[in-house]
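Geometric and topological summary
Residue-level listing of the chains:
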Amino acid sequence: YFSRAPIPYPRDGISLAPHYRHQGIYGYSLRLLLKLVMWKPTRLEQTEQLEQLRALEHGVKIRVAITSRVSAGVDRPEDVALVEKMLRG
């Protein structure tokens, strides 16, 4: 599952369990991509505004890896300029 909120959510502000920040680059086969765009957005996708939830709800497996590196998030159009500036150094 992917969420914009920590999972598990630290209700009292204290988390005793680890949670991970999502950084993703998705590589879909053409065959899967053609299916993905035909599937209607799911309720979870619409709630979280995360398109990978559509894939998960249709049984697509998404591989993940844990890394110590951190990257900037691009969640809104205005985030693009910030990341472009970072990439230029």
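Procedures and definitions
Residues numbered from 1 in each chain as written. Predicted model: local features only at pLDDT ≥ 70, side-chain atom pairs only at ≥ 80, totals over all residues. Heavy atoms only, no water. Phe/Tyr/Trp six-rings, centres within 6.5 Å; stacked < 30°, edge-to-face > 60°. Buried < 20%, exposed > 50% of the residue type's maximum accessible area, 1.4 Å probe, protein only. Helix = DSSP H or I, 4+ residues; strand = E, 2+ residues; numbered from the N terminus. Contact = heavy atoms within 4.5 Å. Salt bridge = Lys/Arg side-chain N within 4 Å of Asp/Glu carboxyl O. Patch = residues over 30% accessible without salt bridge, like charges linked within 9 Å, V, L, I, M, F, W, Y side chains within 5 Å. Areas by Shrake-Rupley, 256 points an atom, 1.4 Å probe, with all protein chains shown as cover. Polar contact = N/O pair within 3.5 Å; in protein donor to acceptor, adjacent residues only side chain to side chain.

Moving on: the packing of aromatic side chains. Geometry of an aromatic ring pair is reported as the spacing of the ring centres plus the angle between the planes. By the definition in use, this model includes one aromatic pair. Aromatic side chains Y26 and Y28 sit 6.1 Å apart centroid to centroid with 10 degrees between the ring planes, which places their arrangement in the stacked category. Given the relative accessible area of 27%, Y28 is considered partly exposed.

By secondary structure assignment, the location of Q52 is in helix α3 (residues 52–57). Every residue in contact with Q52, bar those within four places of it in the chain, is listed here: F2, H22, Y26, Y28 and I62.

So, on to the pattern of salt bridges. On inspection of all chains with the given rule, the structure shows four salt bridges. A salt bridge links R54 to E45; the shortest N-O distance between them is 2.7 Å. Each member of the pair, R54 as well as E45, is classed as buried. Residue D79 is joined to R76 by a salt bridge in which the shortest nitrogen-to-oxygen separation is 3.1 Å. Its relative accessible area of 46% is what places R76 among the partly exposed residues. One network of salt bridges, in which partners are shared, links R76, E78 and D79.

Attention now moves to the side chain of E45. For E45, the position within the fold is in helix α2 (residues 43–48). The class of E45 is buried, set by a relative accessible area of 9%. Look past the residues within four positions of E45 in its chain and what remains in contact with it is L50, E51, L53, R54 and E57.

Take unusual backbone geometry next. Here the amide bond leading from I7 into P8 is cis, since omega sits at -5 degrees, within 30 degrees of zero. You can see P8 is positioned in the segment before α1 (30–36). A positive phi angle, close to 60 degrees, is found at Q49, a residue other than glycine. Tracing the backbone through its elements, the reader meets Q49 in the loop between α2 and α3. Judged by its relative accessible area of 53%, Q49 falls in the exposed class.

On the surface, Y1, I7 and L44 cluster together into a nonpolar patch covering about 290 Å² of accessible area. As for its position among the elements, I7 is in the segment before α1. Classification of I7 as partly exposed rests on a relative accessible area of 42%.

One can find S3 in the segment before α1. Residue classification places S3 among the partly exposed positions, given a relative accessible area of 22%. Counting along the chain gives 77 residues from S3 to V80, while the straight-line C-alpha distance between them is 21 Å. With residues near it in sequence (within four places) discarded, S3 still touches E48 and L50. Engagement of the side chain of S3 in a polar contact is seen with the backbone nitrogen of A5, the distance being 3.0 Å. Polar contacts involving the side chain of S3 include one to the side chain of E48, which spans 2.8 Å.

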